[in-house]
Structure formats: structure tokens, C-alpha cells
Amino acid sequence: MRAIFLFRKPGDIMATRFQDYISPTKLSYLDGKPTTLHLRKCRIVTQQKKDRREWVFEHGLITIGSLDENNLVIKDDTVSRYHAQIIQEDDAYVIRDLESTNGTWVNQVRIKEAYLSAGCLLRFGNAEFIFQPLDEEVAVVPSSEEKFGDIIGGNVKMREIYGILEKIAPTNATVVIEGETGTGKEVIAHTLHKMSLRAKKPFVVFDCGAVPESLIESELFGHEKGSFTGAIMSRQGLFELAQGGTIFLDELGELSLELQPKLLRVLEQREVRRVGAAKPIPVDVRVIAATNRKLEEEVRNNRFREDLFYRLSVVRLFLPPLRDRIDDLPLLVKHFLKNSSFNRDANANLKLRSISREALKAMTQYTWPGNVRELLNIVERACSLADGDCIELCDLPDHVASCAKLDDAPVPPTTPVLLSSASSDATPSIHLEVPSTTDFVAKPFREAKEAWLTSFEGEYVRILLERNNNNISQASREAGVDRKYFRKLMKKYGVTIETDAPDDDE
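These lines cover the structure that appears in this document, whether it is placed above or below. (Residues numbered from 1 in each chain as written. Predicted model: local features only at pLDDT ≥ 70, side-chain atom pairs only at ≥ 80, totals over all residues. Heavy atoms only, no water.)

**Quick notes on the overall build of the chain**
Link 1 in the chain: Regarding its fold elements, the chain presents 14 helices and 27 strands.
Link 2 in the chain: Taken across its 506 residues, the chain has 48% of its residues classed as buried.
Link 3 in the chain: For the chain, long-range pairs separated by at least 24 residues make up 62% of all intrachain contacts whose partners lie at least 6 apart in sequence.
Link 4 in the chain: By element, 49% of the accessible surface of the chain is carried by carbon and sulfur atoms, the whole surface being about 25700 Å². (Helix = DSSP H or I, 4+ residues; strand = E, 2+ residues; numbered from the N terminus. Buried < 20%, exposed > 50% of the residue type's maximum accessible area, 1.4 Å probe, protein only. Contact = heavy atoms within 4.5 Å. Areas by Shrake-Rupley, 256 points an atom, 1.4 Å probe, with all protein chains shown as cover.)

Structure (C-alpha cells):
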């Protein structure tokens, strides 16, 4: 796992080519050594010495005015209701006047928009303040916990992520989460929101790949009545609906090049313009984005705007695939069984309580191309199929169950296989006819492997029952498996015994 934090100091020159860009701050874990994270804050202090007050802000957008809904409320007759706003950009703070009656002043100069420097004098009407940017350094170390909010995992790669999330959750930093499909990017985003100061405000999700391109602009930014065919009424966009909260842009890499400049404008100006509207609307939202694409490659291939990449990449998280933290699998299975609604009966009692060693072994040997989402689906499937209160090997899909079987089974032979019996030397050996691999070469590898194993298992069960006079208990002991599981194998391969055959050796 690695995480990268990008910050620019005032006066830095943006590289003209993506390949030439070198991030001023790069955070990664090397041999478990901790590192530090720089958090952006600013302080606004009253100029009056008698009644000295100060406010510290982490907001990307600070609104100033006489109304109580502003971040900085100034009760003064010379201050407009919405007087000004301070915007935190990547490399500086920008102050903008909102057409106030008595104007916004920086160091005795009336401005429409200006960059702020440390210690500068701000005046809104007759109210004067001092502006001070703050930088806070915090150490980032791996957490000692096995979960963080809704995120589950005790692997060191996940605990490193917890350490980062713990530091950035209370801030308003823009975050980009990268990782394969199914690694839990939306869970990370939702946890960031729940752990932030915006937790009581909306959390709005937008999938950039699930909405037709012609409707994305209206969905994100809203539209006015009559702005296009079918716009029979004005409508708020998702940025407006997320006011004060968080908007999560899933599958960001699917956003078209035509719409990317409009998203960049929202991030820089902190305002949206509805389709067909004349005036922009200020918004205060935290942006979290996710993608399963590699954004650096998308930029190099001119499929993603370079300036938008820089603007979004304040904090970048890289989620590891499940195969790289396979030791978390038992913990995840336990969590799904305990907390998922699909494992509850009509009386809200747990249906399954555990997983067998054989099933768990097969799952840990599988490569999980669908990651945690695929694991959740397979656990849900097992909850629907299992007969008892434990997930057995036969409750798993064949392509998962076969991983353990292939690990234990001999190489497919072209001649009969001689399997040694688990009983005494006086007991004759079992001669098991297994089809030649040449019978399956016309099929793809996975299908051929499953077909061969299916043939092997069915024949193995039949021979063992015949050898033990159809006594299931003795046959299961000789096979070294649980009696209940042996019965499931019989049912799976249609193996039946005579009704008067002994079912137990007691």
C-alpha cells in the first residue's frame, strides 16, 4: 500500500507536462517507518485588542457575512448578509467579494478577488481582521486496530490505511481512492464521511459510469426550467443536495473529457452553475472520488485532464486487492456472517455461525478477482445453500471449492490410480479408475479442471461406500472427512445406498 499527498507552496510553478511533475510531498510506508502529514488550516483574528477573538478553519470554503448560516458571522450593520468568501486552493488562499454593499478590503485596498498572504489585514465593511495561514504536522503510523468504522481488516496494509484515514477524516481534504473493482472504495468514502465533522450532513453518491453522458451535467449541477427539452421544472443538482456534506464521485475515470472542465471549475470556485442559469450558486461540499483506473496512465494517454488530476490529488489512497491481504479473509467472513441480513431467519436469529476448515482453506487459496465484493456474494450464496449452521466445502461454488481439491489431489494420470487405504495393512487397496486428461483437453483449463475433479469425487465416493458395505460412518472416517459432508457429496453426485444398509457402526 502507498498513499500520496500532494501540496504546493505559493509561488510554485506547475509543470507543463505530466511527466515532468514531481510532487512536493510524497507519503509512503517503507519498512513500517512512520511519516508525517501536513494539514492545511487558517486562522482569522479580530483586530480589536479589547475583545480579541479568533476562529480556526479547515474548510475549503469559508463564507463570511451577517447571516447565521455563514462560517464567519459578523454582526455589524456595514456587513452584507453574504459579504465574502475565502477559498482554499492547492497552493494558496483566495478571497472573493460577493458584491457586498460596503466592499471587501485587503491591506486597505478594495478588491474583487485577491490572494491572501500571512498577516494581511482584512476589512469587511467596518469590521477588521488579521488572516494567518496555519500548517499542522501530524505523524501517520499504522493503527493497532482490526477495523476502522465500517472497514474490516487486520493486515498491515489495511492498518496503514486506518492511520491515514484517522488523520484526514476530520479535515476537508479532497480524497481520491484507487483500487481494483470490489476492494471497498465506497466503504472507505462512507467511513470518511461518518468520521468527519460533516457526518450529520448529507452523503451523496454519484456513479459517473451509470448515468448517460447527456444527463451527467444536469445530475451533478442541476438545471433551470426550460433549459432543454423535457426540463419542465427547475431541479437541484447533487452538489447542491450535498450542501455542507460530502459528495462521492464513483468511477471518476469514466467521466468524459467534455465534463471534466466543469467539475474542475466547481472544485476551484466552490460554486455550481445550473444548466440554463445565469448566476452561480455557492456550495460547501467535500469531494471524495474513486476509480479502478490508474489515473497517471489516463493522463498520459490524454483521457483525463492533467489540471483536474492535480486538483483532486490532495490525498490519494491505494487499496490493496483481497489476494494481497488474504489473511483478512477469516475476519471478513466472520463479519459477514455476524452482521449481514442474509444470514438471519424470520426471527432475526443467525442461520450460520461458522465455516469449516476445508471451506476456509479453499477460500484462502482462491485468487479473488472480484475482491471483497465477490467474497460477500459467495458467503451470501453459502447462507442460502447450507443445510446446517456451518459453511462446508460443498456450499461453495465449484471454481472456489476446487482450489482446495486441486491442492490435495494427485496430478491427473493417464492410467488407473492406486490410493492407499487409511485402514490396516490387511485391508485391500482401492483401485480407482480416473479418466485420462486427454478426455478434457478440448475444454478451457478451468472447465477441464472442474470436470476432472467432479469425475474423481463421484467415483471416489462410490468406491468407498462399496468397500465399507455402504456404511457411511466408516466410509467418511476412511476418507478423513466429516460424516455430514460425506452425505452432501453423496447427494451431489447422486450416490444412493440400500435402505437397510447400516448407516452407523455403533
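**Some details on the sheet that holds strand E7 (residues 93-97)**
Link 1 in the chain: Spatially, 5 strands are ordered E5-E4-E6-E7-E10 in an open sheet, and the strand pairing comes out mixed. Of all strands in the sheet, those with a lone pairing partner are strand E5 (72-73) and strand E10 (113-116), marking the two edges. (Pairing = 2+ DSSP bridges.)

**Digging into the nonpolar core**
Link 1 in the chain: Grouped together as the largest cluster of nonpolar side chains are 39 residues, with contacts concentrated most on Met363, Trp368, Leu375, Val379, Leu396, Leu465 and Phe486.
Link 2 in the chain: Breaking this core down by element, the ones donating at least two residues are helix H8 (329-339), helix H9 (357-365), helix H10 (371-385), helix H11 (398-408), helix H12 (445-467), helix H13 (472-479) and helix H14 (483-492).
Link 3 in the chain: The leading source of residues in this core is H10, at 6 residues.
Link 4 in the chain: When sequence neighbours within four positions are dropped, the list of residues in contact with Val379 reads Val333, Phe336, Leu337, Phe342 and Met363.
Link 5 in the chain: Formed by 31 residues, the second largest nonpolar core is a distinct cluster that contains Ala242, Leu255, Val287 and Leu308. (Core = buried A, V, L, I, M, F, W, Y, C linked by side-chain atoms within 4.5 Å.)

**Regarding the pairing of strand E23 (residues 315-318)**
Link 1 in the chain: Burial along E23 is two-sided: Val315 and Leu317 facing one way and Arg316 and Phe318 facing the other are all buried.
Link 2 in the chain: Sheet topology note: the strand E15 (residues 175-178)/E23 ladder contains 4 bridges and is parallel. Of the residues in E23, the one forming a bridge with Glu178 is Phe318.

**What about H9?**
An α-helical turn contains 3.6 residues, so a residue and the one three or four places further along point in the same direction.
Link 1 in the chain: Those residues of H9 not exposed but buried are Ala359, Ala362 and Met363. Buried positions in H9, seen along its axis, are confined to an arc of 100° and lie on one side of it. (Arc of directions from axis to C-beta.)

**Thoughts on the pattern of salt bridges**
Link 1 in the chain: In total, this model carries 19 salt bridges according to the counting rule given.
Link 2 in the chain: Residues Glu180 and Arg323 are paired through a salt bridge, measuring 2.5 Å at the closest nitrogen-oxygen approach. Residue Glu180 is found in the loop between E15 and helix H2 (185-194), and its partner Arg323 is found in the loop between E23 and H8; the two are separated by 143 residues along the sequence.
Link 3 in the chain: Judged by relative accessible area, which is 39%, Arg323 ranks as partly exposed.
Link 4 in the chain: Linking Arg274 and Glu224 is a salt bridge whose minimum nitrogen-to-oxygen distance equals 3.5 Å. Here the residue Arg274 occupies a position in the loop between strand E20 (271-272) and strand E21 (281-282), and Glu224 occupies one in the loop between strand E17 (222-223) and strand E18 (235-236), the gap between them amounting to 50 residues.
Link 5 in the chain: For Arg274, a relative accessible area of 14% gives the class buried. (Salt bridge = Lys/Arg side-chain N within 4 Å of Asp/Glu carboxyl O.)

**A closer look at the state of the cysteines**
Link 1 in the chain: A complete count under the given rule lists 0 disulfides for this structure.
Link 2 in the chain: With no disulfide of its own, Cys394 lies 9.9 Å from the sulfur of Cys390, the closest cysteine sulfur. (Disulfide = S-S within 2.5 Å.)

**A word on the packing of aromatic side chains**
In this description, a pair of aromatic rings is defined by centroid distance and the angle of the planes.
Link 1 in the chain: Summed over all chains, the structure comprises 7 aromatic pairs.
Link 2 in the chain: Between the aromatic rings of Trp55 and Phe129, the centroid separation amounts to 6.0 Å while the plane-to-plane angle is 65°, which identifies the pairing as edge-to-face. Note that Trp55 is positioned in strand E3 (residues 54-57) and Phe129 in strand E12 (residues 127-140), a separation of 74 residues in sequence.
Link 3 in the chain: You can call Trp55 buried: its relative accessible area is 18%.
Link 4 in the chain: Note on Tyr93 and Phe131: the rings are 5.3 Å apart at their centroids and 65° apart in plane angle, and the pair reads as edge-to-face. (Phe/Tyr/Trp six-rings, centres within 6.5 Å; stacked < 30°, edge-to-face > 60°.)

**Concerning the layout of surface pockets**
Link 1 in the chain: Reported here for the largest pocket is a volume of approximately 900 Å³.
Link 2 in the chain: As for the largest pocket, its lining consists of 30 residues, and the residues nearest its centre are Leu61, Thr63, Tyr82, Gln85 and Pro282.
Link 3 in the chain: Ranked by residue count, the leading element in the lining of the largest pocket is strand E4 (residues 61-65), at 3 residues.
Link 4 in the chain: Residues that form the lining of the largest pocket fall into these classes: 11 nonpolar, 8 polar and 11 charged. (1 Å grid on protein atoms, 1.4 Å probe; cavity = no way out; pocket = protein on both sides within 12 Å on 5 of 7 lines; lining within 4 Å. Points joined across faces, edges and corners; volume = space filled by probe spheres on them. Nonpolar A, V, L, I, M, F, W, Y, C, P; charged D, E, K, R; others polar.)

**Considering the side chain of Thr104**
Link 1 in the chain: Structurally, Thr104 is set in strand E8 (residues 104-106).
Link 2 in the chain: Take Thr104: its relative accessible area is 0%, and that puts it in the buried class.
Link 3 in the chain: Among the polar contacts made by the side chain of Thr104, one reaches the side chain of Asp97 at a distance of 2.6 Å. (Polar contact = N/O pair within 3.5 Å; in protein donor to acceptor, adjacent residues only side chain to side chain.)

**Observations concerning the packing of H13 against H14**
Link 1 in the chain: The contact between H13 and H14 brings their axes to 9 Å, and the two run at 100°. As far as their axial angle goes, H14 and H13 are roughly perpendicular. Mapping the contact onto sequence places Ile472, Ser473, Ala475, Ser476 and Ala479 in H13 and Arg483, Phe486, Arg487 and Met490 in H14.
Link 2 in the chain: Here the residues of the contact of H13 with H14 sort into 5 nonpolar, 2 polar and 2 charged. (Axes fitted to C-alpha atoms, helices over the stretch in contact; angles between N-to-C directions. Parallel < 35°, antiparallel > 145°, perpendicular 65-115°, else oblique.)

**Here we look at unusual backbone geometry**
Link 1 in the chain: Positive phi values are uncommon outside glycine, yet Arg270 reaches one of about 55°.
Link 2 in the chain: In this fold, Arg270 is placed in the loop between helix H5 (260-269) and E20.
Link 3 in the chain: Residue class for Arg270 comes out buried when judged on its relative accessible area of 6%.
Link 4 in the chain: Unusually for a residue other than glycine, Asn470 sits at a positive phi of about 60°.
Link 5 in the chain: Mapped onto the secondary structure, Asn470 falls in the loop between H12 and H13.

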